[in-house]
Structures are given as C-alpha cells and as structure tokens.
Amino acid sequence: QKIAADRGVNFSVPSGTVRVPAASLARPRGGLWDQYGGSMLAGWTRWILEQFDFSFDRVFAPALDAGNLNARYDTLIFVEGGIPAASSGRGGGAGAGGRAGGAAGGRAAGIPNLPDEYKDQVGSMTVDRTLPVIKQFIEAGGTVIAIGTSATNLAAFLNLPIENHLVENGAPIPQTKFYAPGSVLRARVDTSSPIAAGMKAQTDFFFDNSPVWKLGPDAAAKGVKALAWFDSKTPLRSGWAWGQQYLENGVIAAEATVGKGRVLLFGAEILQRAQPHATFKLLFNGIYSR
C-alpha cells in the first residue's frame, strides 16, 4: 500500500488468486560501458537506467583492462561502439580521445590539460587485452548485455554458433536487395524465457539495418538459444523495408551460456533513444535474471 501511495497507483488482488512465496531479489551491481568524451548511446542508456532507479557505474576501458571484474559487477552493459571487431586489431573500438595500446596514463598524457578526474576514462577497448578480460568475467559467472551492431561483435570473439542471416549464395545481401533503415518491425518473442518476462509473444522492435542472425545446428548443444526472431515475410509495421522477405526466420535477440555466466545479444535497438518502452524489459530482465 505504501508503494501504491508513493507511485499514485492502485493494487488489487482478484478473488481466487493463489498466493505463492515471493522471491527475494538482490540489487544487481551493474556497469555501463562508456568512453572519454561520452558515447551518445551510452548516454541514452544511462538516462534510462537512472529513470528506472537502477544502480550502476560507468565503466571505461582502463577499468575493464584492470580485471577482477566479478568482484565489482554482476552485469556489464555494452552499447554500439563498445566492443571492437575481432579483426580490428589493437585499436578497434577506440572512442573519442582513445589511443590504442599502452597504459591509461600514457594515453591520457597525450591530451593537453586533461583534468585528473578524467584520466582514468581515456583508453581503447582492444581485442588482445580487453576482450579476454570480459570473457573471464562471463566464464566466472557474470552477465554481459550487448546491444547493437558493434556490441554484438562479442559473439564472434566467443566463437558462438551465430552467423549472419542476411546472406544469399554465400555473400551478404546487398542494399539493392535489402535495406531497412529506422523502421518498426514485428518479431516473435520467446515469452517462456525469464529475459522476456512481461512481454507479448508478438512485439514491435525498432530496427535500423540491425544485425540479423541464424543459429548454427549445434547452437542448443552449446547453450545458445533465440529470444526473438522474425516469423513472417512481412514484419514491417511502420517505416519501410526493401526486401523484407529476407528477414523471415532471422534472429534478432539471443542468449548464450558461457562457462558459469551468460551473454545476451540484442541486434535490434531495444532502447532507441528511450522510446520503445515495450523492449526495455529485455534489458531490465537481463539485469535481474540469474
């Protein structure tokens, strides 16, 4: 009743409702990747987490490189720009002011008059140093939530059985055949998964030429399963999608078990500038679900 009064809502229990024991939830220790100078998408994610009263830290490349992440975090969140491609080399994923290689202090020294409070923010996410630490974090029981094209590069680094769905005759489908910028598409959601708790079986997603995957034949055996996929040749709800039929059976959200932990991969923009509230649940459930 106090919560109802504080929030200005009413709670009622219908007659015949079966009462069950409540589950105790621990407040998760969250970290949100960011970069020196600021990532716009990390900024939007930060705003959403703040609005919904989540407790989290902003985490920069030097802190990730330092390791021992499980002692500080249960969940790490990466958005577009946060994970370098496995083929990008040492400088992949460098943010504003980032420098490939070297210690954080050395990189910070390259920026004139940098205030002390920002020196531990300057650095690059690298394949050879940062990604192995993130993998160790997952294998030891941590959760990583990756949202967007570059963030889901993590799947390739972890050798997950996930491939590009938008391929024809062994080559990526060109934009002359498939192109779907800034549109709303409907997908099937596995509502039996705790990650999709509270969602509808058919949910609209914001899609901006986002990654679409197919799972390998050994995906289930390796602990990888689809959370959301296109079950129609005509998923377009708003906007436009040239060649939308290519999307059928393509996966846009997946969950993978890695060691004692897990990775949640969201190709579609589930947070798109704090607008698509229906898909916020994928982030929120991912933070709390264990």
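Computed from a predicted structure; not experimentally measured.

Reading guide: rules and limits
- Residues numbered from 1 in each chain as written.
- Predicted model: local features only at pLDDT ≥ 70, side-chain atom pairs only at ≥ 80, totals over all residues.
- Heavy atoms only, no water.
- Phe/Tyr/Trp six-rings, centres within 6.5 Å; stacked < 30°, edge-to-face > 60°.
- Helix = DSSP H or I, 4+ residues; strand = E, 2+ residues; numbered from the N terminus.
- Buried < 20%, exposed > 50% of the residue type's maximum accessible area, 1.4 Å probe, protein only.
- Pairing = 2+ DSSP bridges.
- Right-handed = clockwise from strand over helix to strand, strands pointing away.
- 1 Å grid on protein atoms, 1.4 Å probe; cavity = no way out; pocket = protein on both sides within 12 Å on 5 of 7 lines; lining within 4 Å.
- Points joined across faces, edges and corners; volume = space filled by probe spheres on them.
- Nonpolar A, V, L, I, M, F, W, Y, C, P; charged D, E, K, R; others polar.
- Lys, Arg positive; Asp, Glu negative; His and termini not counted.
- Salt bridge = Lys/Arg side-chain N within 4 Å of Asp/Glu carboxyl O.
- Contact = heavy atoms within 4.5 Å.
- Expected span 1.5 Å × (residues − 1).
- Arc of directions from axis to C-beta.

Caption draft 1: Looking closely at the packing of aromatic side chains. Counting across every chain of the model gives ten aromatic pairs. Where Trp44 meets Trp47, the ring centres are 6.4 Å apart and the plane angle is 80°; that geometry is what we call edge-to-face. Separated by three residues within a single helix, Trp44 and Trp47 lie in helix α2 (residues 40-51), roughly one turn from each other. Take Trp47: its relative accessible area is 42%, and that puts it in the partly exposed class.

Caption draft 2: Structural view of the pairing of strand β1 (residues 30-33). Of the two faces of β1, the one holding Gly30 and Leu32 and the one holding Gly31 and Trp33 are both buried throughout. Alignment of β1 against strand β2 (residues 56-59), held across four bridges, turns out to be parallel. From the neighbouring strand, Leu32 faces β2, where its bridge partner is Arg58. On the question of chirality, the crossover connecting β1 to the parallel β2 by way of α2 is right-handed.

Caption draft 3: Fine view of empty space enclosed by the protein. Going through the model one piece at a time under the given rule, you end up with three cavities of 30 Å³ or more. By volume, the largest cavity amounts to about 80 Å³. Lining the largest cavity we find Leu41, Trp44, Thr45, Val79, Glu80, Ile147, Glu269, Leu271, Gln272 and Arg273. Here the lining of the largest cavity gets three residues from one element, more than from any other, and that element is α2. For the lining of the largest cavity, the residue count by class is five nonpolar, two polar and three charged. In this structure, the second largest cavity encloses a volume near 50 Å³. Around the second largest cavity sit Pro28, Gly30, Leu49, Phe54, Ser55, Phe56, Thr75, Ile77 and Ile287, which together line it. Tallied by class, the residues present in the lining of the second largest cavity amount to six nonpolar, three polar and no charged.

Caption draft 4: Main features of the side chain of Asp190. You can see Asp190 is positioned in the loop between β8 (183-189) and β9 (202-207). One buried charged residue, Asp190, remains without a salt bridge, the closest side chain of opposite sign being Lys225 at 5.1 Å. Other than its neighbours up to four places away in sequence, Asp190 contacts Ala196, Ala226, Leu227 and Trp229.

Caption draft 5: Representation of α2. For α2, built from twelve residues, the straight-helix expectation of 16 Å at 1.5 Å per residue is met to within 8% by its first-to-last C-alpha distance of 17 Å. Listed as buried for α2 are Ala42, Thr45, Ile48 and Leu49. One side of α2 holds all its buried residues, which, seen down the axis, span an arc of 120°. Packing partners of the buried residues in α2 comprise β1, β2, β3 (75-78) and α7 (277-288). Looking one or two residues beyond α2, the residue adopting positive phi is Asp53, at roughly 65°.

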